[in-house]
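Listed below, chain by chain, are the residues.
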Amino acid sequence: MRFIALITILLMGGLLFYGLPDFPDWGDPASPASTHVSPYYIEHGAADTHAPNIVTAVLADYRGYDTMFETAVIFSAGLACFFLLRTFRQKSAETKLYRHIPTGVTLRIEKGGKTPAGSEEFEPIDSHWVPYDMIINMTCRLIVPFVQLFALYVIAHGHYSPGGGFQGGVIFGAAIILFAISHDLRSVFRRLQEKTAILLSAAGVLIYAGTGVLCLILGGNFLDYSRLAGLLGVDAVMARSHGILIVEIGVGLAVMAVMVMLYYNLSSAGRHDEGL
Amino acid sequence: MEAILSSFLTKYNYWVFIGLVMIGMYALIAKRNLVKKIIGMNIFQTAVILFYVSIGAKQGSTIPILDSGHGHDAHHAVQAIDYINPLPHVLMLTAIVVSVATLGVALALAIKVHQQYGTLEEDEIAAQIDKP
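Residues numbered from 1 in each chain as written. Chains lettered and ligands numbered in written order. Predicted model: local features only at pLDDT ≥ 70, side-chain atom pairs only at ≥ 80, totals over all residues. Heavy atoms only, no water.

A. Spatial organisation of the interface of chain B and chain A. If you look at the interface, chain B gives 57 residues, while chain A gives 60 residues. Joining chain B to chain A, the criterion identifies one salt bridge. Of the charged contacts, one joins Asp 25 of chain A and Lys 11 of chain B as a salt bridge, the two residues approaching to 3.8 Å between their closest N and O atoms. For the interface between chain B and chain A, the tally reads 12 residue pairs in polar contact (both at pLDDT 80 or more). Contributing elements (two or more residues each) for the side of chain B that touches chain A: helix 2 (12-30), helix 3 (34-55) and helix 4 (86-117) of chain B. No other element matches helix 4 of chain B, which puts 19 residues into the side of chain B that touches chain A. Looking at side-chain class alone, the side of chain B that touches chain A contains 37 nonpolar, 15 polar and five charged residues. (Contact = heavy atoms within 4.5 Å. Salt bridge = Lys/Arg side-chain N within 4 Å of Asp/Glu carboxyl O. Polar contact = N/O pair within 3.5 Å; in protein donor to acceptor, adjacent residues only side chain to side chain. Helix = DSSP H or I, 4+ residues; strand = E, 2+ residues; numbered from the N terminus. Nonpolar A, V, L, I, M, F, W, Y, C, P; charged D, E, K, R; others polar.)

B. Spotlight on the nonpolar core. Residues Ile 74, Phe 166, Tyr 208, Tyr 225 and Val 255 of chain A are the most contacted members of the largest nonpolar core, which totals 39 residues. Those elements that provide at least two residues to this core are helix 2 (38-49), helix 3 (54-62), helix 4 (64-85), helix 8 (194-217) and helix 10 (236-267) of chain A together with helix 4 of chain B. At eight residues, helix 4 of chain B tops the list of elements feeding residues into this core. Apart from the residues lying within four places of it in its own chain, the contact partners of Tyr 225 of chain A are Ala 60, Asp 61, Tyr 208, Thr 211, Cys 215, Ala 239, Arg 240, Gly 243, Ile 244 and Val 247 of chain A. Counting residues in hydrophobic clusters, the runner-up holds 16 residues, among them Ala 151, Ala 180, Phe 189 and Val 260 of chain A. (Core = buried A, V, L, I, M, F, W, Y, C linked by side-chain atoms within 4.5 Å. Buried < 20%, exposed > 50% of the residue type's maximum accessible area, 1.4 Å probe, protein only.)

C. How the structure looks around unusual backbone geometry. Residues and elements named next belong to chain A. Of note in the backbone geometry, His 50 takes a positive phi value of approximately 60° without being a glycine. Positionally, His 50 belongs in the loop between helix 2 and helix 3. Among the residues examined, His 50 registers a relative accessible area of 15% and is labelled buried. Backbone geometry places Ala 269, a non-glycine residue, at a positive phi of 55°. Tracing the backbone through its elements, the reader meets Ala 269 in the segment after helix 10. When its relative accessible area of 13% is taken as the criterion, Ala 269 is described as buried.

D. Spatial organisation of the packing of aromatic side chains. Counting across every chain of the model gives 15 aromatic pairs over all chains. When the centroid spacing of 5.6 Å and the interplanar angle of 75° are considered together, the rings of Tyr 65 of chain A and Phe 222 of chain A count as edge-to-face. Separated by 157 residues along the polypeptide, Tyr 65 of chain A in helix 4 and Phe 222 of chain A in the loop between helix 8 and helix 9 (229-232) bring together distant segments of the chain. Judged by its relative accessible area of 18%, Phe 222 of chain A is buried. Clustering of aromatic rings is evident, with ring pairs tying together Phe 23 of chain A together with Tyr 14, Phe 17, Phe 51 and Tyr 52 of chain B. (Phe/Tyr/Trp six-rings, centres within 6.5 Å; stacked < 30°, edge-to-face > 60°.)

Interpretation in functional terms is not warranted from these geometric data alone.
Here it is, written out as structure tokens:
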């Protein structure tokens, strides 16, 4: 098996190697990829969409269909993970574990014992040894708001600097995952419930597709943002710029929520207890 | 001979691409552990991303964010030669996030397989399936 695989791989590598002289040189300005469509984007991007960052302009305007369905792919990946892993039936354990938060002492309560449920001073835990470190907790607690602020900056400033919905959404999701790693899943659920995350991811796709449908209603093509000019009170070029921002916000919401959903389900194998 | 050699040497980005594709493909075919297969898939995706991004490079040009991209009159000064090709960046930007999402689904499937069979080794899983 290994031998056959090796032969196949060497054959494939040899074919790619054989085709190597036909590829354009590294950094060749006259390479076929750089001479057909992309000069138009570079030369007309700013005039058409008022977005100096051409990547953003191409992503959300010229190739809006592609990005919309990429967002839909991410959304369905989040849903697939949910349907594969999520389990709602909890096995009620024989013994329950509670941690006294001020002292860090773990109580083991046998079956039939009185549990301190509802008490502010105790929190339920699932395993005997749950890592708990005040320095890590506090550091992450301090860092997370700034990471989230940076994510919002990356989304909102995507027209003028490297950034946009995908990057900002991933950074925002990473902030929440950082909080989940440093604390536990239960304390994240108190701030961002699973239901909210699913609704946010659906809302992101809805914002994107809804903008397209709105352009359709206003008499243009699907995702032709210049039709939004009347609604937004700006000229057609600025309307395309604003349209890009609207769909980027949708993309950011969807990506953030899906990253969080993936982490929720993967880290606890769908049980949604305390996680890693 | 020297011309052929230098033509191969100046295309070192494709060397890296070919190497990564071979590593990823080998892991996909030959490894029996499902997690290693998933890692191989990710290496393969990384190779494709590198391939696309390296195609977009242009010697002596800068990132595709216009220097003076403000207002309607700015576009007269813009030359396509000054900025690298934005198209591969757009395609790979979405591909990176989609690859993370597909990685999530793959790991979810691996968790399910492990719950069902108690192992991630392909031959052990196959033996359990054959056994009635």
